[in-house]
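Architecture at a glance
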Amino acid sequence: MSSAILSLGRQVFGNPANKGNIMPPEEAHALLNEWVPNERLRLHMKQVGAVMKAWALEKEGADEPTARKWELAGLLHDADWEKYPDGHCRVIIEKLEALNIDPEVIHCIASHGPRYFGVEPENNMDRMIYAFDELSGFIHAAALIRPTRYEGLDTKSVLKKLKTPSFAAQVSRDDINDALSRIDVTLEVLIEFIIRHQKDVQ
Ligand SMILES: [Fe+2]
């Protein structure tokens, strides 16, 4: 992420009265199609959404409505990045507040880059979007350079590329390490999980 991004300057998001309110996937996808013409960026958000939902269901024992919250946060976390680079994160947050979306979804999006937005991850949903975001993009970059893409891509080769600073240099290894330091999950487990759950996302 660019260093031009400004801190959000606040810590409280959404209205507690909206707890449980999310938007249906069709609406989230419609918003993505409208706000994010770049297909690759849209795919990134769909991948993070899929990985978030799968993690909630598989690892957190979440029920379906909770898993859909995780998915929505992933789906929309960069929704304003392309059209409003100077207002990144602020614009989508204000949009979701205007739509009366669950404050946990909004806080999750607000905390997906603590160094940039000035909002610390507070719960597992927040911590996992932070852990998945950069790593998901990195793994996709690693898949794209292979003739067989995700087919046969393994954790070891991703680990090796992470140690190669010139590969996908824009992906912040510092952010990945910082996110990892906040959760009780190994990098290997995360990489394997991401490969498995984002490889078929279209
Ligand atoms: Fe992202």
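First things first, this report covers the structure right here in the doc. Along each chain, residues carry numbers from 1 onward, in the same order as the chain's sequence is written. The predicted origin of the model limits local features to residues at a pLDDT of at least 70 and limits the giving and counting of side-chain atom pairs to 80 or more, whereas totals for whole chains, interfaces and linings rest on all residues. Each side-chain value is worked out from all heavy atoms of the structure, with water and hydrogens disregarded.

With that settled, consider the overall build of the protein. Within the protein, the regular secondary structure consists of 10 helices and 0 strands. Ordered by position from N to C terminus, the α and β elements of the protein give α-α-α-α-α-α-α-α-α-α. In summary, the protein has a C-alpha radius of gyration of 16 Å against a globular reference of 17 Å for 202 residues, a match within 12%. By its C-alpha atoms, the protein is 45 × 40 × 35 Å across when sized along the principal axes. Only protein chains enter the area calculation, which uses a 1.4 Å probe; residues under 20% of their type maximum are buried, those over 50% are exposed, and those in between are partly exposed. Each of the 202 residues in the protein was classed as buried or not, and the buried ones make up 51%. Using a 1.4 Å probe, the Shrake-Rupley method yields the accessible areas, and only the shown protein chains count as cover for residues. Here the protein displays about 9700 Å² of accessible surface, and carbon together with sulfur accounts for 50% of that area. Side-chain charges of the protein comprise 24 positive and 31 negative groups, with the mean position of each set lying 5 Å from the other. Under the DSSP-based scheme used, a helix requires at least four consecutive residues in state H or I and a strand at least two consecutive residues in state E, with every element numbered from the N terminus. Taken over C-alpha atoms, the radius of gyration is set against a globule rule of 2.2 Å times the number of residues to the power 0.38. For the purpose of counting charges, residues Lys and Arg are taken to be positive, whereas Asp and Glu are taken to be negative. His and the chain ends are not included. By convention, charge coordinates are those of NZ in Lys, CZ in Arg, CG in Asp, or CD in Glu.

In the contact formed by helix α7 (residues 124-144) and helix α8 (residues 155-162), the axes pass within 10 Å of each other and the chain directions differ by 105 degrees. On the basis of the axis angle, α7 is roughly perpendicular to α8. On the side of α7, the interface is formed by L135, F138, I139 and A142, while α8 contributes V158, K161 and L162. Under this grouping Gly is polar, as are all residues other than the nonpolar Ala, Val, Leu, Ile, Met, Phe, Trp, Tyr, Cys and Pro and the charged Asp, Glu, Lys and Arg. In terms of residue class, the contact of α7 with α8 is built from 6 nonpolar, no polar and 1 charged. Helix axes are fitted only over the stretch in contact, all axes being lines through C-alpha atoms; the angle between N-to-C directions runs from 0 to 180 degrees. We call two directions roughly parallel when the angle between them is under 35 degrees, roughly antiparallel when it is over 145, roughly perpendicular when it lies between 65 and 115, and oblique otherwise. Any two residues whose heavy atoms approach within 4.5 Å at even a single point are treated as in contact.

It is worth spelling out the state of the cysteines at this point. The disulfide criterion used throughout: a pair of cysteine sulfur atoms within 2.5 Å. Scanning all chains against the criterion turns up 0 disulfides. C89 provides the cysteine sulfur closest to C108, a residue in no disulfide bond, and the two sulfurs are 10.0 Å apart.

Before going further, it helps to examine the coordination of the iron ion. Looking at the iron ion, one finds its protein donor set to be H44 (NE2), H77 (NE2), D78 (OD) and D133 (OD), positioned 2.1 to 2.2 Å from the metal centre. Taken together, the 4 donor atoms surrounding the iron ion define angles of 86 to 177 degrees at the centre, an arrangement classified as irregular. As a motif over one chain, the donors of the iron ion read H-x32-H-D-x54-D. Here H77 falls in the buried class, since its relative accessible area comes to 0%. Sites may look incomplete, because water is not among the atoms used; the donor set itself consists of N, O and S atoms within 2.8 Å of the metal (3.2 Å for Na, K and Ca). Here a site with four donors is tetrahedral if all angles are between 85 and 135 degrees, and a site with four or six donors is square planar or octahedral if opposite donors are over 155 degrees apart and the other angles are between 65 and 115; anything else gets the irregular label.

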